[in-house]
Amino acid sequence: MTLLAGIDPVAVAAALIVAATPILLAAIGELVTEKAGVLNLGVEGMMILGAVVGFAAAVATGSVLLGLAAAAAAGAALAGLFAVLVLGLLANQVATGLALTLFGLGLSALIGQGYIGVRPPPAGRLAVPGLSDLPVLGRLVFSHDVLVYTGVALVAGVWAFLRFSRAGLILRAVGESHDAAHALGFPVRRVRALAILFGGACAGLGGAHLSLVRVPQWTEGMTAGAGWIALALVVFASWRPWRVMLGAWLFGGIAVLQLNLQAAGVKIPVEYLAMSPYLVTILVLVIITADRPRAALHAPAALGRPFHAAG
Amino acid sequence: MQSTKRMLAGAALALALAAPAAAEPVKVGYIYVGPIGDYGYSHEHNVGRLAVDAHFGDKVETSYVESVPEGADAERVMTQMALAGTDIIFATSFGYMDPVNNVAARFPDVRFEHATGYKREHPNVALYNARFYEGRAVIGHIAARMTKTNVIGYIASYPIPEVIMGINAAYLHARKANPQIQFKIVWAYTWFDPALEADAANALIEQGADVIMQHTDSTAPMAIAEQKGFYAFGQASDMIAFGPNAQLTAIIDNWGPYYIDRVQKVIDGTWESQDVWLGMKEDMVVMAPLSERIPADVRAEAEAMMAAIKAGTYHPFTGPINRQDGTPWLAAGEVADDKTLLGMNFYVEGIEGAIPN
């Protein structure tokens, strides 16, 4: 292909998987939250808090894994605040989510004061003797950081959980009709709280991937809108785990590809290249959903509606 | 999200207005395109603001709003600042150009200072800019002498004259030092997105670049260069903390003295609209200490160039220079005029690729 002259497709493919991981993690978490009927617009705030807390913990302990655990805990803690406000005090979900983003951005800037210019411990990469040295597959599949595999595993896990498990069925029931689920005796608020916490932990991990692996440094505001892209992705993927992954890889992939095309000096107008990740991702996800009238059914019917147990 | 942040800032300003006005300090407002924690461009403007605070103490009251998108949002923020009784507003990014002039028309008593633009439609608008291209000429020379692959990676933000001028200045001096040099340019279409800037740096390294230049504001490209063992140059701010081995030098924007001077003029009642473009000579453009990794001869060449620019004996855009298409731009010995530079929309001869529209 002349279009790809001078570009190593394996390097680009490997880079796209890395670039897609933060939004993939955040989006799969938000998918579970929304499947339980809760719209949490605070993804950006939870991501950036995860980015700074994960960074701080990794620097303090010298362990990236502990950093990731702390990031997940921080994301979940912020999500826990959201859960208290939304489930306990029946606050408006949209307003609370937006406030969560603002709070997360501000709090992360405060926590991050002492970490400017600090370098985190190097994130370990998978190194399987033999496999990681394979010509193409080695670089593509067997040489990433732990979060890349976590992201894929989470997608598979969420898919299986929602589709095959009884708990997944209950979670979906809560998201479709909390009144019916409540009438059947399911603990609506507990299910939603757990889903919110899961979403927060995933977003925190996504943020930590930015600060510990992809960039790697702490910079104020470094998520730069990734949380909003993750939110949009869930909708365009019509709340289906594998499509979320497809969307994240498309977005990350085209973003990386267009930078490589530019660097290689391919003669395509740059302004089109720069907007292509947004356009192509939306187009593809809309098209695969378009000819199915029941696509709308995938939107949880009780999404964003507060639950108040009557009687 | 951003707008809510600004609403809060606006409310804070309104509260400040309601407070008892005892000594009536001069109110100075700043708007930044990125977070002050970018440790690049917006950070340095904020360093300038803090210099004003330190210099005047109680006589001034400064405030700022960060991460203000270029466009309608900027207009809203400046309107709020003006309504809150701000005396002088520094709008610190190119894209605030039209918003500044729109708001200035509605508030003739508020002074507006716009950085890096060229529109001055009202008597209460002043323009200030730094000759960043002087620094870019120096780093172009150093880059060309340090590269082993002869490929320099350049992360550009938006195709505006400021950025194109920087690419041209760096390229001209790189080619002069090393005729084999090649520039690979990536347009990021953002001023601040660390993840994207990091990806851009990786893509350029993948394409053979071993020295990275950036005209975006975050420290991410520096971090990537440090991680992978390549060289880079700090943008707007000394980024040595992010790349102790990678940073060869940095172009530092030193706004403090200018801000102090202009605020003093507001206090004295002598503020007037003006259009200034200051450089190394006036210490508005300052180079960070040259890295130990630069060999002595290269260091001497770079220092000589800086001294000549500072003394006013050398202008980085001195002919003969042709445009990219081969047509002559400057004859031998001819020096570019400021107007052409500030509207620069063409590459010089030798740069590959086209400028996006």
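Calculation criteria
Residues numbered from 1 in each chain as written. Chains lettered and ligands numbered in written order. Predicted model: local features only at pLDDT ≥ 70, side-chain atom pairs only at ≥ 80, totals over all residues. Helix = DSSP H or I, 4+ residues; strand = E, 2+ residues; numbered from the N terminus. Rg over C-alpha atoms; globule rule 2.2 N^0.38 Å. Buried ≥ 20, exposed ≤ 12 C-beta atoms within 10 Å, placed from the backbone. Contact = placed C-beta atoms within 7 Å. Pairing = 2+ DSSP bridges. Axes fitted to C-alpha atoms, helices over the stretch in contact; angles between N-to-C directions. Nonpolar A, V, L, I, M, F, W, Y, C, P; charged D, E, K, R; others polar. Right-handed = clockwise from strand over helix to strand, strands pointing away. Core = buried A, V, L, I, M, F, W, Y, C linked by C-beta atoms within 7 Å. Domains from an automatic or database assignment. Expected span 1.5 Å × (residues − 1). Parallel < 35°, antiparallel > 145°, perpendicular 65-115°, else oblique. pLDDT = per-residue confidence, 0-100.

Concerning the overall build of chain A
Okay, so step 1: When its secondary structure is counted, chain A shows twelve helices and zero strands.
Okay, so step 2: Taking 311 residues into account, the globule formula puts the C-alpha radius of gyration at 19 Å, and chain A, at 20 Å, falls close to it.
Okay, so step 3: Along the first, second and third principal axes, the C-alpha set of chain A runs to 70 × 50 × 40 Å.

Things to note about the overall build of chain B
Okay, so step 1: Check the secondary structure of chain B and you find eleven helices and 14 strands.
Okay, so step 2: Relative to the 2.2 N^0.38 estimate, which gives 21 Å for 357 residues, the radius of gyration of chain B is 21 Å and therefore close to what a compact globule would have.
Okay, so step 3: Along the three orthogonal principal directions, the C-alpha set of chain B runs to about 65 × 45 × 40 Å.
Okay, so step 4: Scored against the burial criterion, the 357 residues of chain B give a buried share of 54%.
Okay, so step 5: Sequence separation of 24 or more characterises 65% of the internal contacts of chain B that already satisfy a separation of 6 or more.

Observations regarding the sheet that holds strand β6 (residues 151-156) of chain B
All names here are of chain B.
Okay, so step 1: The six strands lie next to each other as β7-β6-β8-β9-β10-β12, forming an open sheet whose pairing is mixed. The open sheet terminates on both sides in strands that have one partner only, identified here as β7 (182-187) and β12 (285-287). Pairs of neighbouring strands in the sheet enclose a mean axial angle of 15°, with direction left out of account.
Okay, so step 2: Pairing analysis gives six bridges linking β6 to β7, with the strands arranged parallel. Counted as the bridge partner of Ile155 is Val186 from β7.
Okay, so step 3: Running over the sheet, helix α7 (residues 194-206) touches β6, β7 and β8 (211-214) and is turned about 160° from β6.

Describing the interface of chain A and chain B
Okay, so step 1: Across the boundary between the two partners, chain A contributes 36 residues, which contact 35 residues of chain B.
Okay, so step 2: When contributions to the side of chain A that touches chain B are tallied by element, the ones reaching two or more residues are α1 (9-35), α4 (93-111), α9 (188-214), α11 (241-263) and α12 (270-290) of chain A.
Okay, so step 3: In terms of residue count, the dominant contributor to the side of chain A that touches chain B is α11 of chain A (six residues).
Okay, so step 4: Split by residue class, the side of chain A that touches chain B holds 21 nonpolar, ten polar and five charged.

Remarks on the pairing of strand β4 (residues 111-115) of chain B
All names here are of chain B.
Okay, so step 1: Here β4 lies mainly inside the structure; five of its five residues are buried.
Okay, so step 2: Neither face of β4 is left uncovered, since the one carrying Arg111, Glu113 and Ala115 and the one carrying Phe112 and His114 both have all their residues buried.
Okay, so step 3: Assessed by its sense of winding, the connection that carries the chain from strand β3 (residues 88-91) through helix α4 (residues 97-106) to β4 is right-handed.
Okay, so step 4: In this sheet, strand β5 (residues 125-130) lies alongside β4 in parallel orientation, the contact comprising four bridges. Following the sheet pairing, Glu113 is matched in β5 by Ala126.

Points about the nonpolar core
Okay, so step 1: Within the largest apolar cluster, 216 residues are counted, with the highest numbers of intra-cluster contacts made by Ile23, Ala27 and Val244 of chain A together with Val186 of chain B.
Okay, so step 2: Summarising the domain contributions, this core has at least three residues from each of domain 1 (2-130 + 255-278) and domain 2 (132-245 + 286-342) of chain B.
Okay, so step 3: Contact partners of Val186 of chain B, with chain neighbours within four places excluded, come to Leu259, Gln262 and Ala263 of chain A together with Ile155, Ala156, Ala200, Ala203 and Leu204 of chain B.

A word on the sheet that holds β5 of chain B
Working definition: the strands of a sheet are paired by backbone hydrogen bonds and lie parallel or antiparallel to each other.
Residue and element names in this part refer to chain B.
Okay, so step 1: Overall, parallel pairing links the six strands, which are arranged β2-β1-β3-β4-β5-β11 in an open sheet. What marks the edges here is a single partner per strand, and that holds for β2 (60-65) and β11 (275-278). Taking each pair of neighbouring strands and ignoring which way they run, the sheet shows an average axis angle of 15°.

Section: helix α5 (residues 132-146) of chain B
Okay, so step 1: With 15 residues, α5 of chain B should reach 21 Å at 1.5 Å per residue; the first-to-last C-alpha distance of 21 Å fits that figure.
Okay, so step 2: A large share of α5 of chain B lies buried, amounting to 15 of its 15 residues.

Structural notes on the packing of α1 of chain A against α9 of chain A
All names here are of chain A.
Okay, so step 1: The geometry of α1 relative to α9 is characterised by a closest axis approach of 7 Å and an angle of 170° between their N-to-C directions. The orientation of α1 with respect to α9, classified from their angle, is roughly antiparallel.
Okay, so step 2: For the contact of α1 with α9, the per-class residue count stands at 15 nonpolar, seven polar and two charged.

Focus: the environment of Ala72 of chain A
All names here are of chain A.
Okay, so step 1: Here Ala72 is to be found in helix α3 (residues 64-88).
Okay, so step 2: Using a count of 27 C-beta atoms within 10 Å as the deciding quantity, one classes Ala72 as buried.
Okay, so step 3: Residues within four places of Ala72 in sequence aside, it is in contact with Ala201, Gly204 and Leu205.

Things to note about α7 of chain B
Structural remark: α-helix, 3.6 residues per turn; residues separated by three or four positions point the same way.
Okay, so step 1: The terminal C-alpha atoms of α7 of chain B lie 18 Å apart, and with 13 residues this matches the ideal 18 Å at 1.5 Å per residue to within 8%.
Okay, so step 2: Following α7 of chain B by one or two positions, Gly208 of chain B has its phi on the positive side, about 100°.

Brief notes about the confidence of the model for chain B
Residues and elements named next belong to chain B.
Okay, so step 1: In this model, chain B carries an average pLDDT of 91, and 94% of its residues clear a pLDDT of 70 or more.
Okay, so step 2: Per-element confidence in chain B is highest for β8, whose mean pLDDT is 97, and lowest for helix α1 (residues 2-18), whose mean pLDDT is 50.
Okay, so step 3: Between residues 14-22, whose pLDDT stays under 50, and residues either more than four places distant or in other chains, the model counts four contacts.
Okay, so step 4: Predicted as a complex, the structure gets a pTM of 0.85 and an ipTM equal to 0.84.

What to know about the domain arrangement of chain B
All names here are of chain B.
Okay, so step 1: The domain architecture assigned to chain B consists of domain 1 (2-130 + 255-278) and domain 2 (132-245 + 286-342).
Okay, so step 2: Spacing between the C-alpha centres of domain 1 and domain 2 amounts to 29 Å.
Okay, so step 3: At four residues, helix α2 (residues 41-56) tops the list of elements feeding residues into the side of domain 1 that touches domain 2.
Okay, so step 4: Residues belonging to the side of domain 1 that touches domain 2 are distributed by class as follows: seven nonpolar, five polar and two charged.

What to know about the pairing of β5 of chain B
Residues and elements named next belong to chain B.
Okay, so step 1: For β5, the buried fraction is high: six of the six residues fall into the buried class.
Okay, so step 2: The two faces of β5 match: Val125, Leu127 and Asn129 on one face and Ala126, Tyr128 and Ala130 on the other face are all buried.
Okay, so step 3: In this structure, β5 lies alongside β11, joined through four bridges in parallel fashion. Following the sheet pairing, Tyr128 is matched in β11 by Val276.

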